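# Reading the structure
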Amino acid sequence: MKTLQDYIDKLNSLHFKEMYENDFFLTWEKTDEELEAVFTLADALRFMRENNISTRVFESGLGISIFRDNSTRTRFSFAAACNMLGLQVQDLDEGKSQIAHGETVRETANMVSFMADAIGIRDDMYIGKGNKYMHEVADAVAEGHRDGILEQKPTLVNLQCDIDHPTQVMADMLHIIHEFGGVENLKGKKIAMTWAYSPSYGKPLSVPQGVIGLMTRFGMDVVLAHPEGYEVFPEVEAVARANAEKSGGSYTKTNSMAEAFKDADIVYPKSWAPFAAMEKRTELYGKGDFEGIGELEKELLAQNAQYKDWTCSEELMKTTKDGKALYLHCLPADISGVSCKEGEVDASVFDRYRDPLYKEASYKPYIIAAMIFLAKFQDPAAILKKLEERNAPRVLK
Amino acid sequence: MKTLQDYIDKLNSLHFKEMYENDFFLTWEKTDEELEAVFTLADALRFMRENNISTRVFESGLGISIFRDNSTRTRFSFAAACNMLGLQVQDLDEGKSQIAHGETVRETANMVSFMADAIGIRDDMYIGKGNKYMHEVADAVAEGHRDGILEQKPTLVNLQCDIDHPTQVMADMLHIIHEFGGVENLKGKKIAMTWAYSPSYGKPLSVPQGVIGLMTRFGMDVVLAHPEGYEVFPEVEAVARANAEKSGGSYTKTNSMAEAFKDADIVYPKSWAPFAAMEKRTELYGKGDFEGIGELEKELLAQNAQYKDWTCSEELMKTTKDGKALYLHCLPADISGVSCKEGEVDASVFDRYRDPLYKEASYKPYIIAAMIFLAKFQDPAAILKKLEERNAPRVLK
Amino acid sequence: MKTLQDYIDKLNSLHFKEMYENDFFLTWEKTDEELEAVFTLADALRFMRENNISTRVFESGLGISIFRDNSTRTRFSFAAACNMLGLQVQDLDEGKSQIAHGETVRETANMVSFMADAIGIRDDMYIGKGNKYMHEVADAVAEGHRDGILEQKPTLVNLQCDIDHPTQVMADMLHIIHEFGGVENLKGKKIAMTWAYSPSYGKPLSVPQGVIGLMTRFGMDVVLAHPEGYEVFPEVEAVARANAEKSGGSYTKTNSMAEAFKDADIVYPKSWAPFAAMEKRTELYGKGDFEGIGELEKELLAQNAQYKDWTCSEELMKTTKDGKALYLHCLPADISGVSCKEGEVDASVFDRYRDPLYKEASYKPYIIAAMIFLAKFQDPAAILKKLEERNAPRVLK
């Protein structure tokens, strides 16, 4: 697309009315056209920023961020997205122990939201908890809005939960779309989402789950590869299978990294913890059994260490399509000989893909901003038109 | 009121010139018309936000927040108030031990205020300290402004001190005014500010003191109820008595919660620590006697536990006016069977009043914004008029 | 200067094109005209703020702050500078241990900079590290911009490194220029940068180094005084010598505070740690030898204590030019009998100079804003003209 009008026309051709005044939890809860609206708007916002057209749609308003796990990248992406739209970020900085569910969530959610237009939450540490907590918050503010407490309903954006990592995988996907010259070129392409060795422990499952839950919707052949014992949520696998069938692609599994990489157009090698282990950890945490958690950690590290050969090596890369599959990672990667002795990827592979990897990450602020935008405006295309006509420069010129 | 002009007309009928370039420490340091100006402007700002009229009066500027005690609600209220006016919040995050009085306060206050239009402080932990500290800060920046250091004089807003909690009780009061259909309907109404049992310790006295210091000004019958030993500052009681006499209401005390609730139109059951104990704690803290503080805490919890029957039960609520007094709380409440085993209020009572309680809290950002606004503009009514004419939408439409 | 046009004319007479899209590390890496451009623009921005003309040049954008050492003053100065230009500050709050050099810096710098227009870093604790780290960050984002990752190149502002403290000493210098009625009046003036006793340990060398590296450029007689063993970086001394020769001033050294103060027009008495000790500390830190660091601390405090007579007393002040040299300090000062028993300066001296000291500090936000401004706009004078014509009030009037 060459002009803002192209993006506006595209938006006008899509159906996504249900996104208005709604939230974004899981990609598979959204229709294909809704996802396409997010991609289109993200590209439009980027186009505007590159052309120095201000995308400030709020004169005032807050974006509340709740990070129940440390985060730099996602925190900055959310801050950037809010800033781009004119919202000021305010962190709700609660110690893990201070947050309880139920009554307290309901109250706190309303108390911080009197001026909130958006709420971004990252809560990925415990199986069965993160997504549930996000729904509690979203329900609380929706009720507060219905009951006349909140003048506006803040939209909730899932910045990573125990099930999905929609802002990450949507950014990954937008990167793929651009690299392959359009979503129409993805049919039949092979993407390998594979486990890789890492010396660290307990990495969330939300990325591999998010990838198989989203990438199966574009007619691609999606392969999930991992050693035995590193299964992901069965529910998400069911989603992946259904998606593949509908989109004319495929979803297959293998316990061989080599098989997954063979002729792949795209590879996404990344460590994660076994689902069963994460469930056990959640249980131990619930009981406050920190000794048990320590034990589990040791077991998991020993288990990981059995699969050090699961690494994205130059040799494996050579087996991909023309030896140059697009290498993806959500970053930071465990790079062998750089950030650790043995890790997810060879340093030379990582080096070669650094620019595309950073580019991949650069879509996230736009994806988040697009999700907020689509929830706040009944006719986003008309608002883009207004912004174009207003033509306020982002940086004075 | 139906139009912004109504609020403007109301403001033009009030005398509040002394608020310009001034600060807000204690409600009883302000005249009736000054308080009415705060209520009127708070309502006007809310009206504008509800009608999507931007209230941004600052293109740039900082709002400095100093919280010497943990806070979520007040922090977000201050952030929201600043944001609504166009100020960016910057936290002065000093550990308790790092702040000293005197020379250091003078210097730090100036160093953080070069671009500050407002300073919000919460400092309620030690008797005789919080309000004093706020005055030190306000004096320092006033002097800095006089001496040509600071281009503008930041206005200080007391976000809770050892004596008063003006932004809380002004929000409570605005809620009452709206619930009763106007300040003119409050004469002769009975409000019970009563102590209630809580399993936690050392809650500040600023709320009960703020309530009796403010609510006695509207012709209401204000009853302060608490067990023996839970007295509040005598100086504030003197204020309450004088207010009641002047306003044609009354100020009475009782050691019976039942007596206070009987036929009350409004009830405000809430735990607080005994004044004498807080003084002792301040003294122990000054000496660094942490063992002594631990001892005192135990004593106070034991003392509290003697009065577990001081709770806002369904039975007590039935004895209020028509069985449906307006229930107030500054939140969070200790709810029996929810946030604690036995606490300040029955769960069913709290549930029934949840929406009004949240509404009560929702006035605080507007009250704070109004306090800042009145201190920054010589003719606030004219500025409202300008904002109406400018008619910039808060959210692009 | 009396009108904004005067500042614009002045800027138009200076050559500083190389500052565009560049960074600010050390004052001696900049030409005289470049420094004059910073002073001129800082004064212009102050003039505009005093005349209620908005200096907001960004509709949106982030200013990233990285403080690897505690800071209140510089933090607020950076926040104020960003706010004045329309940038929202986002802190990169990394624990010391979390930041590694090399690969990680490159990645993190890009990840936080997608929407960043400025990055401010304070990293002064370890010899040979701080400035190096800043260059790593600046190189990373410059490369990211070149490679199409970052739509804009954020400008890096050194908020204090192991070598220089350019925003501080530029603010000090602007203060001197104003106090002496213009840079043209400084030729032949004597300035004494002298060590002074402090009961605390390990104060950075960046201020004395920054002072001799900058103040030698204006034809002044710069004297560096310290007890034996408190030498500064030889490389910076070489810079000072070369500067003095070029500017027609002088750079001399003495081990006598009295000699330095004699007939001085300006005195800057301030404690710092010996260069050699700081190097040893860096080495011990690198080895994780915390016992060794504790030992070193004791030694340094004992060494300091030998020089308690190095203090800015009333007696010494009497020996300065007409007994009233301009007293400078970067604040906070160790004031004898106030913030410590024996310190850098007599309380009565400090008191007499409080207003000028605060004024000195007040230039820092403007200096930082000017540095950012000069890096972001190809024709800053034209932008000032635009702002004047736009004539948006900072505070609505």
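Worth saying up front: this structure is predicted, and the values here are computed from it rather than measured.

### Notes on the side chain of Glu314 of chain B
Residue and element names in this part refer to chain B.
- In this structure, Glu314 sits in helix α12 (residues 314-318).
- Residue classification places Glu314 among the buried positions, given a relative accessible area of 19%.
- In terms of polar contacts, Glu314 uses its side chain to reach the backbone amide nitrogen of Val349, at 3.5 Å.
- When residues no more than four places from it in sequence are discounted, the contact partners of Glu314 are Asp346, Ser348, Val349 and Arg352.

### A word on the relation of the copies chain C and chain B
- In the superposition of chain C on chain B (RMSD 0.0 Å, axial shift 0.0 Å), the rotation amounts to 120°. Considering both components of the superposition, the chain copies are consistent with a three-fold axis. Among all residues of chain C, the one whose C-alpha sits closest to the rotation axis is Gln88 of chain C, at a distance of 4.7 Å.
- Interface overlap between copies: only 6% of the residues of chain C at the interface are likewise at the interface in chain B, consistent with a contact formed by different surfaces.

### Let's talk about the relation of the copies chain A and chain C
- Once turned by 120° and shifted 0.0 Å along the axis, chain A lies on chain C with an RMSD of 0.0 Å.
- Comparing interface residues between copies, only 6% of those in chain A also lie at the interface in chain C; the contact surfaces differ.

### Things to note about the pattern of salt bridges
- Evaluation of the coordinates by the stated rule reveals 65 salt bridges over all chains.
- Across the salt bridge formed by Asp263 of chain B and Lys262 of chain B, the nearest N and O atoms sit 3.5 Å from each other.
- Note that Glu36 of chain C and Lys10 of chain C form a salt bridge whose closest N and O atoms lie 2.9 Å from each other. On the criterion of sequence distance, the pair formed by Glu36 of chain C in helix α2 (residues 32-50) and Lys10 of chain C in helix α1 (residues 4-12) is long-range, its members being 26 residues apart.
- Given a relative accessible area of 25%, Lys10 of chain C falls into the partly exposed group.
- Each of Asp117 and Lys376 of chain A together with Arg394 of chain B takes part in a single network of salt bridges with overlapping partners.

### Remarks on the interface of chain A and chain C
- Counting residues at the interface gives 34 residues for chain A, matched by 32 residues for chain C.
- For the chain A and chain C pair, buried surface summed over both sides reaches about 3100 Å², with 55% attributable to carbon and sulfur atoms.
- Counting the contacts that link chain A with chain C gives 3 salt bridges.
- When the shortest N-O distance is used, the salt bridge between Arg49 of chain A and Glu151 of chain C registers 2.9 Å.
- On the surface where chain A and chain C come into contact, there are 14 residue pairs in polar contact (both at pLDDT 80 or more).
- The set of elements that each furnish at least two residues to the side of chain A that touches chain C consists of α2 (32-50), α3 (73-85), β2 (88-91), α14 (354-362) and α15 (364-376) of chain A.
- The element that contributes the greatest number of residues to the side of chain A that touches chain C is α3 of chain A, accounting for 7 residues.

### Thoughts on the pairing of strand β5 (residues 190-195) of chain C
All names here are of chain C.
- Most of β5 sits out of view: 6 of its 6 residues are buried.
- Inspection of the sheet shows β5 paired to strand β6 (residues 221-225) by 5 bridges, in the parallel sense. The residue bridging Ala192 from the neighbouring strand is Val223, located in β6.
- Read from β5 through helix α7 (residues 206-215) to β6, the crossover connection turns out right-handed.
- Across 5 bridges, β5 lies against strand β8 (residues 266-270) in parallel orientation. Residue pairing across strands places Met193 opposite Tyr268, the latter belonging to β8.

### Examining the UniProt feature "domain: Aspartate/ornithine carbamoyltransferase Asp/Orn-binding" (unreviewed entry) in chain A
- Look at the UniProt record and you will see "domain: Aspartate/ornithine carbamoyltransferase Asp/Orn-binding" (unreviewed entry) annotated at residues 211-372 of chain A.
- With 51% helix and 10% strand, the stretch residues 211-372 of chain A has end C-alpha atoms that lie 21 Å from each other.

### Notes on the interface of chain C and chain B
- Across the contact, 34 residues belong to chain C and 32 residues belong to chain B.
- When the shortest N-O distance is used, the salt bridge between Arg394 of chain C and Asp117 of chain B registers 2.8 Å.
- For the side of chain C that touches chain B, the elements supplying multiple residues, two or more each, are α2, α3 (73-85), β2 (88-91), α14 (354-362) and α15 (364-376) of chain C.
- When residues in the side of chain C that touches chain B are grouped by element, the largest group, 7 residues, is from α3 of chain C.
- Across the side of chain C that touches chain B, the residue classes tally to 18 nonpolar, 5 polar and 11 charged.

### Some thoughts on α2 of chain C
Residue and element names in this part refer to chain C.
- A rise of 1.5 Å per residue sets the reference length of α2, with its 19 residues, at 27 Å; its end C-alpha atoms lie 27 Å apart and thus fit the reference within 8%.
- The buried fraction of α2 is high, at 15 of 19 residues.
- Backbone geometry just downstream of α2 places Asn52 in the positive-phi region, at approximately 60°.

### What to know about unusual backbone geometry
Residues and elements named next belong to chain B.
- A cis amide bond, omega -5°, links Leu331 with the succeeding residue Pro332.
- Topologically, Pro332 is positioned in the loop between β9 (326-327) and α13 (347-352).
- With a phi angle near 65°, Glu21 is a residue other than glycine that sits in the positive phi range.
- For Glu21, the location among the structural elements is in the loop between α1 (4-12) and α2 (32-50).
- Looking at Glu21, the relative accessible area reads 35%, which means it is partly exposed.
- For Asp263, which is not a glycine, the phi torsion comes out positive at approximately 65°.
- Its location among the elements puts Asp263 in the loop between α9 (257-261) and β8 (266-270).

### Some thoughts on the packing of aromatic side chains
- For the structure shown, the criterion picks out 33 aromatic pairs over all chains.
- Ring geometry for Tyr327 of chain C and Tyr353 of chain C: centres 5.7 Å apart, planes at 55°, overall tilted. Of this pair, Tyr327 of chain C sits in strand β9 (residues 326-327) while Tyr353 of chain C sits in the loop between α13 (347-352) and α14, placing them 26 residues apart in sequence.
- According to the relative accessible area criterion, Tyr327 of chain C is buried, its value standing at 0%.
- Following the ring pairs from residue to residue traces out a cluster consisting of Trp195, Tyr230, Tyr307 and Trp310 of chain A.
- Above the face of the Phe67 of chain A ring, Arg75 of chain A is positioned so that its terminal group lies 4.6 Å from the ring centre.

Thresholds, definitions, all that
The residue numbers shown here count from 1 along each chain, following its written sequence. A letter from A marks each chain and a number from 1 marks each ligand, given out in the order of writing. Two thresholds apply to this predicted model, a pLDDT of at least 70 for residue-level local features and 80 or more for giving and counting side-chain atom pairs, whereas whole-chain, interface and lining totals are computed over all residues. To get the side-chain values, all heavy atoms of the structure are used, and hydrogens and water are removed first. By definition, any uninterrupted DSSP run of H or I lasting at least four residues is a helix, any uninterrupted run of E lasting at least two residues is a strand, and each is numbered from the N terminus. Summary of the burial criterion: residues with accessible area below 20% of their type's maximum are buried, those above 50% are exposed, and those between are partly exposed, where the area comes from a 1.4 Å probe applied to protein chains only. Any pair of N or O atoms that falls within 3.5 Å is considered a polar contact. Within protein, one atom must be able to donate a hydrogen and the other to accept it, and sequence-neighbouring residues count only if both atoms are side-chain atoms. The contact definition used throughout considers only heavy atoms, calling two residues in contact when any of these lie within 4.5 Å. The copies are overlaid by a least-squares fit using only the C-alpha atoms of residues whose pLDDT is at least 70 in both copies. Counted as salt bridges are all cases of a side-chain nitrogen of Lys or Arg within 4 Å of a carboxyl oxygen of Asp or Glu. Using a 1.4 Å probe, buried area is obtained as the accessible area two parts lose upon being combined, added over both of them. By definition, two strands form a pair when at least two bridges between them are found by DSSP. If the strands point away from the viewer and the path from the first strand over the helix to the second runs clockwise, then the crossover is right-handed. UniProt positions are given in the numbering used here, feature names are shortened, and annotations may be inferred rather than shown by experiment. Any residue that is not Ala, Val, Leu, Ile, Met, Phe, Trp, Tyr, Cys, Pro, Asp, Glu, Lys or Arg is counted as polar, Gly included; the first ten are nonpolar and the last four charged. To estimate the expected span of a helix, subtract one from its residue number and multiply by 1.5 Å. Any pair of Phe, Tyr and Trp rings, taking the six-membered ring for Trp, is counted once the centres come within 6.5 Å. Such a pair is stacked with planes under 30 degrees apart, edge-to-face with planes over 60 apart, and tilted for the rest. Both a distance and an angle decide whether a charge sits over a ring: NZ of Lys or CZ of Arg must be within 6 Å of the ring centre and within 35 degrees of the ring normal.

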